[in-house]
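Residue-level structure breakdown
So you can see what is in the structure, the chains are spelled out below.
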Amino acid sequence: MMTTATAATAAPRTNSPRPDKHRPDKPETTEPRQKPPTFLSDPYPTLARMRRSAPVSVLHSDGGLRLWIIPRYVDVRAALLDRRFAQDARRAQALADSRVEGVNLGTDITHMLSSDPPDHTRLRRVVQAAFSRKRVEAMRPMVERITLELLDGLAARHTTRTTTATVDLIRDFAFPLPILVVCELLGFPPEDRDLYRKWSTAIVTQEGDHAAFQRAVQEMGSYVLAIADRRIRRNDRPADLLTELLAARERGELTDDEIVGMVALLLIGGHETTVNLLGTSCLALLRDPGQAAWLRADLTRMPRAVEEFLRYDSPICMATTRFTTEPVDVGGVEIPQDEFVLLSLGAANRDPARFQDPDRLILDRRDAGHLAFGGGIHRCLGALLGKLETEIALTALLARFPGTTLACQERDLRWRNTMMLRGLEALPLTLRR
């Protein structure tokens, strides 16, 4: 779930370039350019033009790195399973350094998303049991408790004279919920959650500030190892995931850097997807009263609705950067060896060749073939937990405040400044019982 690649600074033009008239399957190309606000607020028209124009488009990051974008469902799904699209961050960084100067691909952190087998296999094996269906379902009471505590806090803003309250759903609910869950999972102090959010923003969005990225990585690394060392000194071994990671280190299965990377992935990836999904799902319901009424009429439909929310506005628009280890044919276009590739999950999930009427929110769609969590060996480890959190949170929110409305003009909403993630900076709501 974590996206640390420099491709986060790349952006298509506001108006997508026309494909070559003589070669309709030739990849379209754009030049470096700042992400236009219209793309951040609604990337789907641009992604649709890419999808229609060619099986592959070529963009350039602000730093000048060439990126091949794959937007069609069938090609994205195939690429997710294709080992010729590698993710080893150190090899990728060396490749980037040979092309342009000053490009940061996030090699400061060692984690599963930045590695290939056999390292990826070893790292994933250490934690995959913690996210099994049985273990995640056992977390339901804990997620429900945190959800109700947060909603009680929102309800406390009501006075005896009114039945409404204005809140920022992201700050007051969507962010604290998954981060508090991750804190309990790791055994980390929940009072430090604002620190985790600060580090996450610096690492995920970067916004061209490599110094801020490195500072966040160093601060997080020192923080994690300090907690680990304190536990070792005190022989404090609570039944949490950090204890399992420390036991793996003692068995020689993890290094200190890998523990830091694993915790970073869980802290950042463990909340980013849910934060973004809760925000975009609530906004989608506010835009579509008919679908909202269908869901409120029977909240047991929520698991089905969550699958459609994931498809309709995928919390990760672009999967983490890959590079080709040999030439790869994509829809008749050959991507050469040693080229950087982005798989557009957002574009794939709106592909009319796969989904009927894909730009409509249809909560009763009954087609869970979306790629919001990726696929293959790098499929999101926390997918089940993210869906559980979203299901519980939206069910409780709609039950407690069924008359909620947007507290600002939609055009004034601010979206996160990254091409990789799809999420709101804030979502002002007027809560109504």
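This text goes with the structure placed above it.
Residues numbered from 1 in each chain as written. Predicted model: local features only at pLDDT ≥ 70, side-chain atom pairs only at ≥ 80, totals over all residues. Heavy atoms only, no water.

Re the overall build of the chain
- The number of helices and strands found in the chain is 17 helices and eleven strands.
- Every one of the 433 residues in the chain was classed for burial, and the buried ones make up 58%.
- Restricting to contacts in the chain with at least 6 residues of sequence separation, those with at least 24 account for 74%.
- When the accessible surface of the chain is split by element, carbon and sulfur atoms take 48% of a total near 18,000 Å². (Helix = DSSP H or I, 4+ residues; strand = E, 2+ residues; numbered from the N terminus. Buried < 20%, exposed > 50% of the residue type's maximum accessible area, 1.4 Å probe, protein only. Contact = heavy atoms within 4.5 Å. Areas by Shrake-Rupley, 256 points an atom, 1.4 Å probe, with all protein chains shown as cover.)

Section: the packing of helix H13 (residues 256–287) against helix H15 (residues 302–312)
- Two elements in contact, H13 and H15, have axes whose closest approach is 10 Å; the angle formed by their N-to-C orientations is 100 degrees. Accordingly, the angle class assigned to the pair H13 and H15 is roughly perpendicular. Facing Leu277, Ser281, Ala284 and Leu285 of H13, the residues of H15 in contact are Phe309, Leu310 and Tyr312.
- In terms of residue class, the contact of H13 with H15 is made up of six nonpolar, one polar and no charged. (Axes fitted to C-alpha atoms, helices over the stretch in contact; angles between N-to-C directions. Parallel < 35°, antiparallel > 145°, perpendicular 65-115°, else oblique. Nonpolar A, V, L, I, M, F, W, Y, C, P; charged D, E, K, R; others polar.)

Digging into the pattern of salt bridges
- Counting across every chain of the model gives 30 salt bridges.
- Put simply, Glu339 and Arg66 hold a salt bridge, and the shortest N to O gap is 2.6 Å. Highlighted residues: Glu339 in the loop between strand S8 (333–335) and strand S9 (340–343) and Arg66 in strand S3 (residues 66–70), separated in sequence by 273 residues.
- According to the relative accessible area criterion, Glu339 is buried, its value standing at 5%.
- Classification of Arg66 by relative accessible area gives partly exposed; the value is 37%.
- With a closest N to O distance of 2.7 Å, Arg231 and Asp240 form a salt bridge.
- Judged by relative accessible area, which is 5%, Arg231 ranks as buried. (Salt bridge = Lys/Arg side-chain N within 4 Å of Asp/Glu carboxyl O.)

Considering the environment of Ala48
- You can see Ala48 is positioned in helix H2 (residues 44–53).
- Distance from Ala48 to Ala348, taken between C-alpha atoms, is 9.4 Å for residues 300 residues apart in sequence.

Thoughts on the environment of Val275
- By the secondary structure assignment, Val275 is in helix H13.
- What makes Val275 buried here is its relative accessible area of 1%.
- Sequence separation between Val275 and Ala174 is 101 residues; the distance between their C-alpha atoms is 4.9 Å.
- The residues touching Val275, leaving out its near neighbours within four places in the chain, are Ile170, Ala174, Phe175, Pro178 and Arg197.

Topic: the packing of H15 against helix H17 (residues 383–400)
- Where H15 contacts H17, the axes come no closer than 10 Å and their chain directions differ by 115 degrees. Viewed along their axes, H15 and H17 adopt a mutual orientation that is roughly perpendicular. H15 and H17 meet at a crossing whose hand is right-handed. Here Met302, Pro303, Val306, Glu307, Phe309 and Leu310 of H15 lie close against H17, whose contacting residues are Lys387, Thr390, Glu391, Leu394, Thr395 and Leu398.
- Of the residues assigned to the contact of H15 with H17, the class counts are seven nonpolar, two polar and three charged. (Left-handed = near helix turned anticlockwise from the far one by under 90°.)

Focus: the pairing of strand S2 (residues 57–60)
- Side chains Ser57 and Leu59 project from S2 onto one buried face, and the interleaved Val58 and His60 project onto a second face that is buried too.
- Where S2 folds back onto S3 in an antiparallel hairpin, the turn is made up of five residues, including Gly64, whose phi is positive at roughly 95 degrees. (Pairing = 2+ DSSP bridges.)

Notes on helix H3 (residues 73–80)
- Taken together, the buried positions of H3 are Tyr73, Asp75, Val76, Ala79 and Leu80. Along H3, the residues classed as buried sweep out an arc of 165 degrees about the axis, all on the same side.
- Packed against the buried residues of H3 are S3, strand S4 (85–86), strand S6 (322–324), strand S7 (328–330), S9 and helix H16 (345–348). (Arc of directions from axis to C-beta.)

Some remarks on the sheet that holds strand S5 (residues 164–168)
- Spatially, three strands are ordered S5-S11-S10 in an open sheet, and the strand pairing comes out antiparallel. Taken across any chain shown, the strands that pair with only one partner, and hence form the sheet edges, are S5 and strand S10 (405–406).

A closer look at the side chain of Thr147
- Within the secondary structure layout, Thr147 lies in helix H7 (residues 140–155).
- The residues touching Thr147, leaving out its near neighbours within four places in the chain, are Phe173, Leu177, Ile392, Ala393 and Ala396.

So, helix H12 (residues 241–250)
- For H12, the full list of buried residues reads Leu241, Leu242, Thr243, Leu245, Leu246 and Ala248.
- Of the surrounding elements, those touching the buried residues of H12 are helix H5 (119–127), helix H9 (176–186), helix H11 (210–234) and H13.
- Here H12 starts with a cap whose side-chain oxygen sits 3.2 Å from the backbone nitrogen of Leu242, and that cap is Asp240.
- Downstream of H12 by one or two residues, Gly252 has phi in the positive range, about 80 degrees. (Polar contact = N/O pair within 3.5 Å; in protein donor to acceptor, adjacent residues only side chain to side chain.)

Here's the deal with unusual backbone geometry
- A cis amide bond links Pro117 to the next residue, Pro118, at an omega of 5 degrees.
- Position of Pro118 among the secondary structure elements: in the loop between helix H4 (89–97) and H5.
- One non-glycine residue, Asn235, adopts positive backbone phi at about 55 degrees.
- Structurally, Asn235 can be placed in the loop between H11 and H12.
- Residue classification places Asn235 among the exposed positions, given a relative accessible area of 60%.

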